[in-house]
Amino acid sequence: MDDEKVFISNNIRRLRFFANEMTQQELSDRTGVTRQTIVAIENGKYFPSLELAFRIAHTFSVPLSDVFTYFPENDPVHKKMVAKQAKKEKK
């Protein structure tokens, strides 16, 4: 497991939409981080601290597992997601 890469996806954009179309700025204000941090997390460029992850989940009143999903690199779901992302990037 030490050399295994991981993939963490998130549902923040979807959760914001269903929270009366909450803006990234509103979420950042409620969680105490910058809007740029929220953007980076949503885009998978940055993984939040455990504390911030819980603050985000608390903001939406959902369990942490409804916000973030963890996939080991060899997971079949992860492989499909990577292939789908690669297709998008080619367009």
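> Could you give an account of the overall build of the protein, with specific residues and numbers?
The helix and strand inventory of the protein stands at 6 helices and 2 strands. The helix and strand sequence of the protein, counted from the amino end, reads β-α-α-α-α-α-β-α. Taken over the C-alpha atoms alone, the protein extends approximately 35 × 35 × 20 Å along its principal axes. When each of the 91 residues of the protein is scored for burial, the buried share is 27%. Within the protein, residue pairs in contact and separated by at least 24 positions form 57% of the contacts whose partners lie at least 6 positions apart. With the model as given, the accessible surface of the protein reaches about 6700 Å², and the carbon-plus-sulfur share is 53%. Measuring between centres, the 15 positive side-chain charges of the protein sit 9 Å from its 12 negative side-chain charges.

> Summarise the packing of aromatic side chains; cite the residues concerned and give the values.
Tallied over the entire structure, the rule returns 1 aromatic pair. Ring geometry for Phe-17 against Phe-18: centres 5.2 Å apart, planes inclined by 85°, an arrangement best described as edge-to-face. For Phe-17, a relative accessible area of 48% corresponds to the partly exposed category. Taking the relative accessible area as the measure of exposure, Phe-18 reaches 62% and is therefore exposed.

Reading the values: the criteria
- Residues numbered from 1 in each chain as written.
- Predicted model: local features only at pLDDT ≥ 70, side-chain atom pairs only at ≥ 80, totals over all residues.
- Heavy atoms only, no water.
- Helix = DSSP H or I, 4+ residues; strand = E, 2+ residues; numbered from the N terminus.
- Buried < 20%, exposed > 50% of the residue type's maximum accessible area, 1.4 Å probe, protein only.
- Contact = heavy atoms within 4.5 Å.
- Areas by Shrake-Rupley, 256 points an atom, 1.4 Å probe, with all protein chains shown as cover.
- Lys, Arg positive; Asp, Glu negative; His and termini not counted.
- Charge placed at Lys NZ, Arg CZ, Asp CG, Glu CD.
- Phe/Tyr/Trp six-rings, centres within 6.5 Å; stacked < 30°, edge-to-face > 60°.

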